[in-house]
Amino acid sequence: MGWLAELPRADDLTPMAWLCTLVRVKRLLRRADVVPSPNIWYFTDTYEVENRAQDADDVIWARLSEQVCWSGADVVDVGCGDGFHLPRFAATARSVVGVEPHEPLVRRAQRRLARYPTVTVRGGTAQRLPLADASADLVHARTAYFFGPGCDPGLREADRVLRPGGALAIVDLDTRHRPYGDWMLADLPHYDPDVVDAFFARQDFTCLRVETRWRFPDREAMAAVLRIEFSARVAERAVAETLKLNAGAEGDELILPVGYRILVRRKPGGLVRSVSPQGRPSTP
Ligand SMILES: C[S@@+](CC[C@H](N)C(=O)[O-])C[C@H]1O[C@@H](n2cnc3c(N)ncnc32)[C@H](O)[C@@H]1O
């Protein structure tokens, strides 16, 4: 609870200072809900380069669209960052709401999506979505908040805003996929892929693993991106191994294979299904 140290002592406070302190406490509590994301918070332009490099063959989009449908649907993108993925949903969805706790990213996403009449971007967190009950058909989150044990408040909140039959789809990196997963684990010694997989399986998610290719325009872009993702030591290893993977390739482009998990959980539909005397499910 290091943030408590930021608060003034109670006996120093005038009524006005009390009010200001209350506002600060509220802000700090909200901050405590937020998962630090230094890559996109502090290196937003490099993260844009990363987003453009990711999933060069649209494998994630293809597999995701086989599992959940957003055409004509009301979509929420939780932890939308600066809104990079929102236009893809907006192309066919009825409405899209991007939710993001980091204010500068909210403003940047709002600027990016200004020309899209069906898209709104709001400040908020996965634990407290600024949305009404049963107002969405698809809640999507990409490499945001839903990283494993501890994300239960966000799972409950997604259930609250989903309509019956709606789906929560979480797209995250696959630490079991090499070499990227090895680099992640080198920086996250306490992350246990077995624990994370067991957590999502217990929560009734299906898990589809996909291999994608990140395609960088050149060596500088690749190094810049890997340096915002990893500690200095691991980043230098990742840069060297990526160069080795691309040894002999023609042109400036570099390819890096990266694995993802697509986790999907559906909210039960409105029709109550009962089991017939023959043991087959039937609708009453
Ligand atoms: C790695 S970025 C991914 C951004 C975006 N989904 C993308 O793919 O471009 C993770 C995002 O999650 C946001 N975030 C952090 N804590 C959150 C929370 N509690 N609820 C929702 N989003 C959160 C961060 O501010 C950041 O924008």
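- Labelled according to an unreviewed UniProt entry, the protein appears under the name Methylase involved in ubiquinone/menaquinone biosynthesis, originating from Saccharomonospora marina XMU15.

Here we look at the nonpolar core
Part 1: One finds V76, V139 and A169 to be the most contacted residues of the largest nonpolar core, which totals 60 residues.
Part 2: Among all residues touching A169, those that are not within four sequence positions of it are L64, Q67, V68, L138, H140, I262 and V264.

Section: the environment of L129
Part 1: Its place among the elements puts L129 in the loop between strand 3 (119-123) and strand 4 (136-142).
Part 2: The exposure class of L129 is buried, given the 21 C-beta atoms found within 10 Å.
Part 3: When the C-alpha positions of L129 and R160 are compared, they lie 9.3 Å apart, and in sequence the two are 31 residues distant.
Part 4: Contact partners of L129, with chain neighbours within four places excluded, come to V76, V99, G124, E157 and V161.

Structural notes on the environment of R215
Part 1: Along the chain, R215 turns up in strand 6 (residues 206-216).
Part 2: In this structure, the C-alpha to C-alpha distance between R215 and A53, residues 162 residues apart in sequence, is 4.8 Å.
Part 3: Apart from the residues within four sequence positions on either side, R215 is in contact with A53, A56, E253 and I255.

Description of the environment of R219
Part 1: Within the secondary structure, R219 sits in helix 10 (residues 219-229).
Part 2: For R219 and V239, which are 20 residues apart along the polypeptide, the C-alpha to C-alpha distance reads 8.8 Å.

Topic: the sheet that holds strand 7 (residues 254-266)
Part 1: With mixed pairing, seven strands are arranged side by side in an open sheet as 3-2-1-4-5-7-6. What marks the edges here is a single partner per strand, and that holds for strand 3 and strand 6. Direction aside, the axes of adjacent strands within the sheet are offset by 20° on average.
Part 2: Note: strand 5 (residues 162-173) against strand 7, seven bridges, orientation antiparallel. Among the inter-strand pairings, A167 is bridged to a residue of strand 7, identified as R266.
Part 3: Across the sheet, helix 8 (residues 180-187) touches strand 5 and strand 7, and the angle it forms with strand 7 is around 75°.

With respect to the pairing of strand 1 (residues 74-78)
Within a regular strand, side chains alternate between the sheet's two faces.
Part 1: Counting buried positions along strand 1 gives five out of five residues, so the element sits mostly inside the fold.
Part 2: Residues D74, V76 and V78 line one face of strand 1 and the alternating positions V75 and D77 line the opposite face, and both faces are buried.
Part 3: The sheet contact formed by strand 1 and strand 2 (residues 95-100) spans five bridges and is parallel. Following the sheet pairing, V75 is matched in strand 2 by V96.

Some details on the packing of helix 10 against helix 11 (residues 232-245)
In a packed pair of helices, the relevant descriptors are the angle between the two axes and the axis-to-axis distance.
Part 1: Two elements in contact, helix 10 and helix 11, have axes whose closest approach is 9 Å; the angle formed by their N-to-C orientations is 145°. By crossing handedness, the relation of helix 10 to helix 11 is classed as right-handed. Where helix 10 abuts helix 11, its residues M222, A223, L226 and R227 lie against A235, A238, V239 and T242.
Part 2: Its residues assigned to classes, the contact of helix 10 with helix 11 comprises six nonpolar, one polar and one charged.

Some remarks on unusual backbone geometry
Part 1: A cis amide bond, omega 5°, links R178 with the succeeding residue P179.
Part 2: Of note in this structure, Y145 is not a glycine but carries a positive phi near 60°.
Part 3: Its place among the elements puts Y145 in the loop between strand 4 and helix 7 (152-161).
Part 4: Judged by the 22 C-beta atoms lying within 10 Å of it, Y145 falls in the buried class.
Part 5: A positive phi is found at D204, a non-glycine position, where the angle reads about 70°.

Thoughts on the packing of helix 3 (residues 44-53) against helix 10
Part 1: Helix 10 packs onto helix 3 with a crossing angle of 110° between their chain directions and a minimal axis gap of 9 Å. Between helix 3 and helix 10, the interaxial angle falls into the category roughly perpendicular. Counted together, T46, Y47, V49, E50 and A53 of helix 3 and A221, A224, V225 and I228 of helix 10 form the full contact between these two elements.
Part 2: Class assignment for the residues of the contact of helix 3 with helix 10 results in seven nonpolar, one polar and one charged.

Regarding helix 6 (residues 103-112)
Part 1: Buried within helix 6 we find L105, V106, R108 and A109. Considered in projection along helix 6, the buried side chains sweep an arc of 165° and stay on one side of the axis. Within helix 6, the exposed residues directed more than 90 degrees away from the buried face are E103 and R111.
Part 2: On the buried face of helix 6, the contacting elements are helix 2 (38-42), helix 3, helix 5 (86-90), strand 2 and strand 3.

Definitions and cut-offs
- Residue numbers restart at each chain and count upward from 1, following the sequence in its written direction.
- Residue-level local features of this predicted model are given only where pLDDT is at least 70; pairs of side-chain atoms are given and counted only at 80 or more, and the full residue set underlies all totals for whole chains, interfaces and linings.
- Residues enter a nonpolar core if they are buried, belong to Ala, Val, Leu, Ile, Met, Phe, Trp, Tyr or Cys, and are joined to the set through C-beta atoms within 7 Å.
- Residues with at least 20 other C-beta atoms within 10 Å of their own are called buried, those with 12 or fewer are called exposed, and the rest are partly exposed. The C-beta atoms themselves are positioned from the backbone.
- Contact criterion: two residues are in contact if their C-beta atoms, reconstructed from the backbone, are within 7 Å.
- Secondary structure follows DSSP: runs of H or I at least 4 residues long count as helices, runs of E at least 2 residues long count as strands, and numbering of each begins at the N terminus.
- DSSP calls a pair of strands paired once it identifies at least 2 bridges connecting them.
- To obtain an axis, a line is fitted to C-alpha atoms, over the contacting stretch when the element is a helix, and the angle between two such axes runs from 0 to 180 degrees between their N-to-C directions.
- Crossing handedness is read from the near helix: turned anticlockwise from the far helix by less than a right angle, it gives a left-handed crossing, and turned clockwise, a right-handed one.
- Residues are grouped as follows: nonpolar covers Ala, Val, Leu, Ile, Met, Phe, Trp, Tyr, Cys and Pro; charged covers Asp, Glu, Lys and Arg; every other residue, Gly included, is treated as polar.
- Throughout, the term roughly parallel applies to angles under 35 degrees, roughly antiparallel to angles over 145, roughly perpendicular to angles from 65 to 115, and oblique to all others.
- Note: the arc covers the axis-to-C-beta directions of the helix.

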